[in-house]
Number of protein chains: 2
Amino acid sequence: MSNQTNSEYQKAIDYLYQMASDGQLIVGSKIPSERELAQKTGISRNSTREAISILRGIGIVESRHGSGNYVSKDPGSSISMMIKAMLALKSTSKAEIIQVRKVISYSVCELIMDRGLTKEEVADFQSILDGMITASKEEFAEYDRSFHRKLMLLTDNTLFRTLMEPIGEAYLELIPEVIGHTDADSRKALVDIHALLISGLVDHDREKCKAYFEKHYGFVEDGLEL
Amino acid sequence: MSNQTNSEYQKAIDYLYQMASDGQLIVGSKIPSERELAQKTGISRNSTREAISILRGIGIVESRHGSGNYVSKDPGSSISMMIKAMLALKSTSKAEIIQVRKVISYSVCELIMDRGLTKEEVADFQSILDGMITASKEEFAEYDRSFHRKLMLLTDNTLFRTLMEPIGEAYLELIPEVIGHTDADSRKALVDIHALLISGLVDHDREKCKAYFEKHYGFVEDGLEL
DNA sequence: AGGACCAAGTGGTACTACCAGTTGTTTTTC
DNA sequence: GAAAAACAACTGGTAGTACCACTTGGTCCT
């Protein structure tokens, strides 16, 4: 994991990564104080603070004035910030985000299809769909989000969720643009499309699921005029 | 875009974001020097450097010693860093890494299957497979890696590559453990399995590709005793 | 016990000084 | 006059010190 950059601050980062891989740093735990870290790594406190600033930028460290620096509980959240920055700088990324989300969502469904859905899970999804029917444009996006979040939770693979979550966030920002192009009828159609997926999962029907994805993201791509 | 945090360094970040939204900062352009920035925003050079460290952590600024700080051309590269850090911190299980890699790899193949492979691409893959046949245990892992890297390069979706790269790295660290359980015969079988995938991509044959993934990762899971 | 207080430790900011690269200009050299 | 060497004026990188602002845990007093 060690980086060979010549920078001094890298020593502090390497030192912390080493602690992490030794299991001495778990999520939420306090990292050594800046002065101690500086002394241990043989660099100045300035450079130590620089290292910590970078880690804070990356989102894996949080600082509490007067208390200490801590390993962030939610490092995933700042990945979405980063993807946002990417979006701001590279105008072609919309299509990429949609594509990634589509393809990964589908793969997750493949995983879920093997085990099917419990009655409780079906009921949960149904209540989301029920909410969609009467939802306003603004609410609709939120339902769509919780639908997909729930879907992701079915995998019990935390790495998946961590990777997928920020993409979902970035995707969510595109939703208003999509929904803006819809009327009540097309939103009704969207609800049916979502129902199709649930049905496909219950029946272990790969084709149904595939149809869902084609329709759903066809909708999205039209809305974004891609 | 302005943040209401009380920190001093935030002034520098806000100042730069303001410049960006005014169109004065385009990709690759040089941002004001640290001393100038400090003077303009009324904060110390220390705090200015802290701001720039964070921006460098986020990946939207690159620093060149003796030259200046520049708006990054490739903000995506640091997403990889971030995911790597996450993998180190969250003691992700082997099974999760394998599963994510499998699913994303498969997703990419779905994308590629639509367009198939050019003759040149097939030849490139074939040369990797040829290398595998005579490879030692140690070399085999490296071939496997370049195989999958090449696969990833076929999707011109940079977001995909960005997400996949660190997972590939994590996966790579597991490879020696897998290969350690193999003999020459089973490695020969692995080469055949890889050839199956290429054949599937050429023929647009989804089932062949699927068979590849089942066999390949079945192999891996056995090797890791999952 | 309860509350007020205090002291030690922590991150936050500033200033200064110097090192180490880069870059464009000037001077030297042929 | 053109190429090469030297220089000067930038740039970011590192270090050290001092002090401020805040948190925390303990002590002392009531």
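For the structure, see preceding data.
Residues numbered from 1 in each chain as written. Chains lettered and ligands numbered in written order. Predicted model: local features only at pLDDT ≥ 70, side-chain atom pairs only at ≥ 80, totals over all residues. Heavy atoms only, no water.

### Topic: the protein's contact with DNA strand D
Now for step 1: Residues in contact with DNA strand D amount to 24 residues; listed here are only the nearest, Glu8(A), Asn46(A), His65(A), Arg35(B) and Arg45(B).
Now for step 2: Taken together, the sugar and phosphate atoms account for 64% of what DNA strand D places within 4 Å of the protein.
Now for step 3: At 2.9 Å, a side-chain N or O of Asn46(A) approaches a base nitrogen of DNA strand D.
Now for step 4: Within the side chain of Arg35(B), one N or O atom sits 2.9 Å away from a base nitrogen of DNA strand D.
Now for step 5: Contributing elements (two or more residues each) for the surface near DNA strand D: helix H3 (45–58) of chain A together with helix H2 (34–41), helix H3 (45–58), strand S1 (61–64) and strand S2 (68–71) of chain B.
Now for step 6: Of the residues contributing to the surface near DNA strand D, the split by class is 1 nonpolar, 14 polar and 9 charged. (Near = heavy atom within 4 Å. Polar contact = N/O pair within 3.5 Å; in protein donor to acceptor, adjacent residues only side chain to side chain. Helix = DSSP H or I, 4+ residues; strand = E, 2+ residues; numbered from the N terminus. Nonpolar A, V, L, I, M, F, W, Y, C, P; charged D, E, K, R; others polar.)

### Examining the pairing of strand S2 (residues 68–71) of chain A
Residues and elements named next belong to chain A.
Now for step 1: The two faces of S2 match: Gly68 and Tyr70 on one face and Asn69 and Val71 on the other face are all buried.
Now for step 2: Alignment of strand S1 (residues 61–64) against S2, held across 4 bridges, turns out to be antiparallel. Within the sheet, the bridge partner assigned to glutamate 62 lies in S2 and is tyrosine 70.
Now for step 3: Linkage of S1 to S2, two consecutive antiparallel strands, is achieved through a turn of 3 residues, within which glycine 66 is found at a positive phi near 85°. (Buried < 20%, exposed > 50% of the residue type's maximum accessible area, 1.4 Å probe, protein only. Pairing = 2+ DSSP bridges.)

### Thoughts on the protein's contact with DNA strand C
Now for step 1: The local shell around DNA strand C holds 25 residues, among which Arg35(A), Arg45(A), Gly66(A), Glu8(B) and Asn46(B) are the closest.
Now for step 2: Between a phosphate oxygen of DNA strand C and a main-chain N or O atom of Glu8(B), the distance comes to 2.7 Å.
Now for step 3: Side-chain polar atom of Ser47(B) to a phosphate oxygen of DNA strand C: 2.9 Å apart, as the coordinates give it.
Now for step 4: At 4 residues, the largest contribution of residues to the surface near DNA strand C is made by H3(B).

### Considering the environment of Glu36(B)
All names here are of chain B.
Now for step 1: Among the structural elements, glutamate 36 can be located in helix H2.
Now for step 2: Of the residues examined, glutamate 36 reaches a relative accessible area of 35% and is grouped as partly exposed.
Now for step 3: Considered as a pair, glutamate 36 and threonine 48 are 12 residues apart in the sequence and their alpha carbons are 9.7 Å apart.

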